[in-house]
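Chain and residue survey
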Amino acid sequence: MCLALPALVTELLPDDSAKVNLGGVAKTVSLALVSDVKPGDYVIVHVGYALSVIDPEEAARTLELFREMGELAEDVPA
Amino acid sequence: MKYIDEFRDGEVAQSIAQAIKAEADPGSTYHIMEFCGGHTHAISRYGLEDLLPANVRMIHGPGCPVCVLPVGRIDAAIWLAKQPGVTLVTYGDMLRVPGSKRLSLLKAKAEGADVRMVYSTLDAIKLAQANPDRQVVFFAIGFETTTPPTAVAIKQAQALDLKNFSVFCNHVLTPSAITQILDSPEVRELGTVKLDAFIGPAHVSTIIGSRPYEYFAEEYQRPVVIAGFEPLDVMQAVRMLVRQINDGRFEVENEFARAVTRDGNEKAKSLVADMFELRRAFEWRGLGLVPYSALRLKEPYAAWDAERRWDVPQDSPPDNKACECGAILRGVKKPTDCKLFGTVCTPENPMGSCMVSAEGACAAHWTYGRFRDLETSHA
Ligand code: SF4
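Criteria and thresholds
- Each chain has its residues counted from 1, following the order in which its sequence is written.
- Written order decides the labels, with chains lettered from A and ligands numbered from 1.
- Whole-chain, interface and lining totals are the exception, using all residues; otherwise, since this is a predicted model, local features are given only for residues with pLDDT of at least 70 and side-chain atom pairs are given and counted only at 80 or more.
- Only hydrogens and water are removed before side-chain values are computed, so all heavy atoms of the structure are retained for them.
- For each domain, the first and last residues come from an automatic or database assignment.
- In this description, contact between two residues means that some pair of their heavy atoms is separated by no more than 4.5 Å.
- Summed over both partners, the accessible area (1.4 Å probe) lost when two parts come together is defined as the buried area.
- When a carboxyl oxygen of Asp or Glu is within 4 Å of a side-chain nitrogen of Lys or Arg, the pair counts as a salt bridge.
- Polar contacts here mean pairs of N or O atoms no more than 3.5 Å apart (in protein, one a potential hydrogen donor and the other a potential acceptor; neighbouring residues in sequence count only if both atoms are side-chain atoms).
- Secondary structure elements are defined from DSSP: runs of H or I of at least 4 residues count as helices, runs of E of at least 2 residues count as strands, and each element is numbered from the N terminus.
- The rule is simple: take the accessible area with a 1.4 Å probe, protein chains only, and divide by the maximum for that residue type; under 20% is buried, over 50% is exposed, in between is partly exposed.
- In short, DSSP must find at least two bridges between two strands for them to pair.
- Crossovers are described as right-handed under a simple rule: with the strands pointing away from the observer, the path leading from the first strand over the helix to the second runs clockwise.
- Each Phe, Tyr or Trp ring (for Trp, its six-membered ring) is paired with any other whose centre lies within 6.5 Å, and the angle between the two planes then decides the class: stacked below 30 degrees, edge-to-face above 60, tilted in between.
- Either the NZ atom of lysine or the CZ atom of arginine qualifies as a charge over a ring when it sits within 6 Å of the ring centre and within 35 degrees of the ring normal.

Focus: the domain arrangement of chain B
Residue and element names in this part refer to chain B.
- In terms of domains, chain B is made up of domain 1 (5–63 + 184–254), domain 2 (67–174 + 264–309) and domain 3 (325–378).
- The gap between the C-alpha centroids of domain 1 and domain 3 is 21 Å.
- Between domain 1 and domain 3, the residue contacts involve 15 residues of the former and 12 residues of the latter.
- Taken over both partners, the interface formed by domain 1 and domain 3 buries close to 1200 Å², and the fraction arising from carbon and sulfur atoms is 61%.
- In this structure, the connection of domain 1 to domain 3 is made through 1 salt bridge.
- Joining domain 1 to domain 3, the criterion identifies 1 residue pair in polar contact (both at pLDDT 80 or more).
- Contributing elements (two or more residues each) for the side of domain 1 that touches domain 3: α2 (37–45), α3 (48–51) and β2 (56–63).

With respect to the pairing of strand β6 (residues 165–171) of chain B
All names here are of chain B.
- Most of β6 is tucked away, with 7 of its 7 residues classed as buried.
- Both faces of β6 are covered, namely the face carrying Phe165, Val167, Cys169 and His171 and the face carrying Ser166, Phe168 and Asn170.
- Across 7 bridges, the pairing between strand β5 (residues 135–142) and β6 is parallel. By the bridge assignment for β6, alanine 140 is matched with cysteine 169.
- This β-α-β element, β5 to helix α8 (residues 147–160) to β6, shows right-handed connectivity.

Considerations on the packing of aromatic side chains
- For the structure shown, the criterion picks out 11 aromatic pairs over all chains.
- Ring geometry for phenylalanine 139 of chain B and phenylalanine 168 of chain B: centres 5.5 Å apart, planes at 25°, overall stacked. Here phenylalanine 139 of chain B is found in strand β5, whereas its partner phenylalanine 168 of chain B is found in strand β6, with 29 residues between them in sequence. The same class applies to phenylalanine 139 of chain B and to phenylalanine 168 of chain B, which are both buried.
- Here the aromatic cluster, defined as three or more aromatic residues joined through ring pairs, consists of Phe198, Tyr213, Phe216 and Tyr220 of chain B.
- Between lysine 27 of chain A and the ring centre of tyrosine 119 of chain B, over which it is positioned, the NZ or CZ distance is 4.4 Å.
- Against the face of phenylalanine 7 of chain B rests arginine 258 of chain B, its NZ or CZ located 3.6 Å from the ring centre.

Here it is, written out as structure tokens:
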């Protein structure tokens, strides 16, 4: 019930809504709860609403952290 | 898919697991509760427990809104659905949850009540517009993630001057539930459940931010890491928590910075603050009456409050005696401790709420975890 997925905003529609691509499936979602969304953004969609916009820099930073850790782990005897 | 696949990489998961193994002190134990059912689901689905060293244990928390709604509120929804002229609409998961006497909304529907499933609150509004001769009642449940969508629907109903739409409000608040767990005798006095740290909610925190957890990290001296729902997010959160425990720190850290900020979603928060107020107490399955843990509509929105339109029964019948959902939701028992698990109770024929939603501890273990039990018992 709380599962929500990142979706790519493809088109802004009237009435505060947008067309998104959710893993290949096109859906219309409400943008009533977020501000300044533009096509190309990724939003977290839950029960038909975008709840937040994904920050690409923070996402890259988190992935970078994983990678560093992978290198670290290789140095540690298991 | 972007922002999904990269966070599911199996090799990276292994290397995070190794890092955890290297950092966890073999002489200590680490008991980490994941509050959210979304994390429970990820842990079962990706077998994350198998990747963790034996002294790092995950404890499933109460964070599934379907699971924590007490039987009395389900009975009340069924009662509403049976009122003349009422069409009751709700999210799909709610339809199969057994109330008392094993009646569910789905069975009430089979018996002639007008019960419909919606994907979004906006569909509920559309249904009310299309059926002006029916009273459409939205059975609203969920944590801070589903409350703003309910608020948007009420705003719309107001703008459209819809007289045949109302909300049966069951929205509950995460921080008060976590506090209740930490105050529970099992954790506090009996010490039967050791809780060293929490993985904080992902999507709930997109709305409320990480700030509300700062109070209890400080007050209860437990570290919290807000984490996303993908497997690498959960593994990384475990590692961050092991580090905090080792260092004797109790801070709120944010692993899910790609979607969560300290203050959350101001637009959604102000909408909710404008429309809802705290209930003095609300019953949670497994946790009992939790003070200031749920919301109801404020007076100016009374016209959209189903509990003011109808004299909705406020009973609290006990749970099915054999069902251990209550203890599971408090982290005291595991699904396999329940005699009914996998025999009488399965997702097709759930006896309790934990078996209904995919994020319930029993359903998650039934779907992904039980083959592991077989392997371990044969080994
Ligand atoms: S297995 Fe079924 S009856 Fe047992 S605790 Fe889980 S939901 Fe309740």
